Amino acid sequence: MGFGRSACWSLVLLCACSPALDWRRVRPAGLDIEAMFPCRPATLSREIVVAERRVEMTMHACSAGGSTYAVGALAVDDVRDVGVALTALRDAAARNVGASVGESRAIEIPGMTPHRQATRITLSGRRPDGTAVIEHLAVFARGSRAYQAMVIGDRPDDEAVSTFLTALKLGS
């Protein structure tokens, strides 16, 4: 009986300590980026308007630990439109949570093309139902491709956000 009780408690403790985040390296097909996701991402593509042209944006996203983690990319025809695309991605993210774009800081992702609009910001906003939400957002580029990486949730874990954003790598 002692063994059974001990085994039961061990199982309870093991389950209680199991991580909510199961980190894995992912190289989303066609995006030329490597990311660490805390869960298995799903893929979604849709058309958006950037620089007055319709472009396809592909997102890879999953939810774990109360937050959603996502990496997306789009390609513009002219490399001169990358700055417009980065600004459009940043502004759309802010609009989606009803936040104004505040202070941003430069971001460097291994393999990225240096760009003035490459930035990382934290947005505090609201969901459509009025509940508070925080979004950690990074926009950056490589050549004529603009990228967006984000973690969004009630209170995203700072360590998880850091792991997600600092693990991003562009190119092979």
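As the structure is a computational prediction, the values presented were derived from the model and not from experiment.

Cut-offs used in this document
- Residues numbered from 1 in each chain as written.
- Predicted model: local features only at pLDDT ≥ 70, side-chain atom pairs only at ≥ 80, totals over all residues.
- Heavy atoms only, no water.
- Phe/Tyr/Trp six-rings, centres within 6.5 Å; stacked < 30°, edge-to-face > 60°.
- Helix = DSSP H or I, 4+ residues; strand = E, 2+ residues; numbered from the N terminus.
- Disulfide = S-S within 2.5 Å.
- Buried < 20%, exposed > 50% of the residue type's maximum accessible area, 1.4 Å probe, protein only.
- Salt bridge = Lys/Arg side-chain N within 4 Å of Asp/Glu carboxyl O.
- Pairing = 2+ DSSP bridges.

Draft legend 1. Structural detail: the packing of aromatic side chains. By the definition in use, this model includes four aromatic pairs. Considering the side-chain rings of Phe37 and Phe164, the 5.4 Å spacing of their centres and the 65° angle between planes classify their relative orientation as edge-to-face. With Phe37 in strand β2 (residues 33-37) and Phe164 in helix α3 (residues 158-166), this pair connects stretches of sequence that are 127 residues apart.

Draft legend 2. Seen up close, the state of the cysteines. A full pass over the atoms with the stated rule returns one disulfide. Covalently, Cys39 is tied to Cys62 through a disulfide, its sulfur atoms 2.0 Å apart. Disulfide Cys39-Cys62: the torsion about the S-S bond is 80°, which places it as right-handed. Of the two residues, Cys39 is situated in the loop between β2 and β3 (42-50) and Cys62 in strand β4 (residues 53-64); the sequence distance between them amounts to 23 residues. Of the two residues, Cys39 and Cys62, neither departs from the other in class, the shared state being buried.

Draft legend 3. Focus on the pattern of salt bridges. Considering all chains together, one arrives at nine salt bridges under this definition. The partner of Asp91 in a salt bridge is Arg90, and the shortest N-O contact between them spans 2.8 Å. Looking at Asp91, the relative accessible area reads 26%, which means it is partly exposed. Several salt bridges share partner residues, and in doing so they unite Arg25, Arg27 and Glu34 into one network.

Draft legend 4. Region of interest: the sheet that holds strand β1 (residues 24-26). Spatially, β1-β2-β10 is the arrangement adopted by the three strands of the open sheet, whose pairing is antiparallel. At either margin of the open sheet sits one strand with a lone partner, and together these are β1 and β10 (169-170). Judged from the two bridges that link them, β2 and β10 form a sheet pairing that is antiparallel. Pairing of Glu34 across the sheet is with Lys169, part of β10.

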